[in-house]
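What follows is the residue order along each chain.
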Amino acid sequence: MKTLQKPPKLERGDTIAAISPCNGWAGDAAVRWKYDLGVARLREMGLHVLAAPNALKGSAYLSKNPVARAEDVMWAFEHPSVRAVIANVGGNDSIEVIPHIRASSIIDNPKIFIGYSDAMNLHLLCYHCGLSSFYGPNLLHPVAEAQGFHPYTKHYFERALFETSAPGRIE
């Protein structure tokens, strides 16, 4: 059985990096408002949000550049002030990013990674590197839902990020 390292919890004021490993929608003009809304909601939780260098270059650019997306993953894990990493959105081709990621970026810099859908490939990479990750909200969905970040989801999202105790019974 593989032993997984649990990443350190966050404190209010910590920095979370927003990456686009699966899809570049966060940088598309029609969707950028939603990215900004998600960032505002994370700031309301007391987090500083830092976009990875390529994360907001849009779908057209990122779909053709898996190396740029991989560079963002490594940048986020290697950046000394980043304490957690969140996927902006899922998609369908993060598998193209995996071959371009140095495992040492994750192994040597364990931190929270959270996201779902196509971000699963990064969870599997984290597992391969011995890091426990969180299969949970992406920035655009559900953090930045126009009708609000559902209180139930927000509660457990914050517990996962800021607390070390088990969540207990999930109603």
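What counts, and at which threshold
Residues numbered from 1 in each chain as written. Predicted model: local features only at pLDDT ≥ 70, side-chain atom pairs only at ≥ 80, totals over all residues. Heavy atoms only, no water. Helix = DSSP H or I, 4+ residues; strand = E, 2+ residues; numbered from the N terminus. Rg over C-alpha atoms; globule rule 2.2 N^0.38 Å. Buried < 20%, exposed > 50% of the residue type's maximum accessible area, 1.4 Å probe, protein only. Contact = heavy atoms within 4.5 Å. Areas by Shrake-Rupley, 256 points an atom, 1.4 Å probe, with all protein chains shown as cover. Lys, Arg positive; Asp, Glu negative; His and termini not counted. Charge placed at Lys NZ, Arg CZ, Asp CG, Glu CD. Pairing = 2+ DSSP bridges. Axes fitted to C-alpha atoms, helices over the stretch in contact; angles between N-to-C directions. Phe/Tyr/Trp six-rings, centres within 6.5 Å; stacked < 30°, edge-to-face > 60°. Lys NZ or Arg CZ within 6 Å of the ring centre and 35° of its normal.

A.B. asks: Quick question: what am I supposed to make of the overall build of the protein here?
C.D. replies: Scanning the protein from N- to C-terminus turns up six helices and five strands. In the protein, the succession of helices and strands from N to C terminus is β-α-β-α-α-β-α-β-α-β-α. By the compact-globule yardstick of 16 Å for 171 residues, the protein fits well, its C-alpha radius of gyration being 15 Å. Principal-axis analysis of the C-alpha atoms gives the protein an extent of 45 × 40 × 30 Å. In the protein, which comprises 171 residues, the proportion classed as buried is 49%. Within the protein, contacts between residues at least 6 apart in sequence are counted, and of these 75% link residues at least 24 apart. When the accessible surface of the protein is totalled, it reaches about 8,100 Å², and 56% of it is carbon and sulfur. A distance of 3 Å separates the average location of the 17 positive side-chain charges in the protein from that of its 16 negative side-chain charges.

A.B. asks: Looking at this structure, I do not really get the sheet that holds strand β1 (residues 15–19). What am I missing?
C.D. replies: Backbone hydrogen bonds hold the strands of a sheet together, and the pairing may be parallel or antiparallel. Taken together, the five strands give an open sheet; going across it, the order is β2-β1-β3-β4-β5, and neighbouring strands pair in parallel fashion. Whereas interior strands pair on both sides, the edge strands pair on one side only; in this sheet they are β2 (48–51) and β5 (134–135). Relative to the sheet, helix α5 (residues 120–128) contacts β1, β4 (112–115) and β5, its axis offset from that of β4 by approximately 155°.

A.B. asks: Please clarify how the packing of aromatic side chains should be interpreted in this entry.
C.D. replies: The geometry of an aromatic ring pair is captured by the separation of the ring centres together with the interplanar angle, meaning the angle of the planes. Under the counting rule described, the total for this entry stands at three aromatic pairs. Geometrically, the ring pair formed by Y116 and Y135 is edge-to-face, given 6.4 Å between the ring centres and 75° between the ring planes. Taken as a pair, Y116 in the loop between β4 and α5 and Y135 in strand β5 lie far apart in primary sequence, 19 residues in all. Under the relative-accessibility criterion, Y135 is labelled exposed at 52%. Here the guanidinium or amino end of R12 rests over the ring plane of F162, the centre of that ring lying 3.8 Å away.

A.B. asks: In this structure, what is going on with the pairing of strand β3 (residues 82–87)? I would like to understand it.
C.D. replies: Residues in a regular strand point their side chains to alternate faces of the sheet. The element β3 is extensively covered by neighbouring structure, given that five of its six residues are classed as buried. In this structure, β1 lies alongside β3, joined through five bridges in parallel fashion. Paired with A18 across the bridge in β3 is I86. With three bridges joining them, β3 and β4 adopt parallel strand pairing. Across the sheet, the residue bridging to V85 is F113, located in β4.

A.B. asks: How do you make sense of the side chain of S94 when you look at a structure like this?
C.D. replies: Along the polypeptide, S94 turns up in the loop between β3 and α4 (103–107). Look past the residues within four positions of S94 in its chain and what remains in contact with it is P21, C22, R69, D118 and N121.

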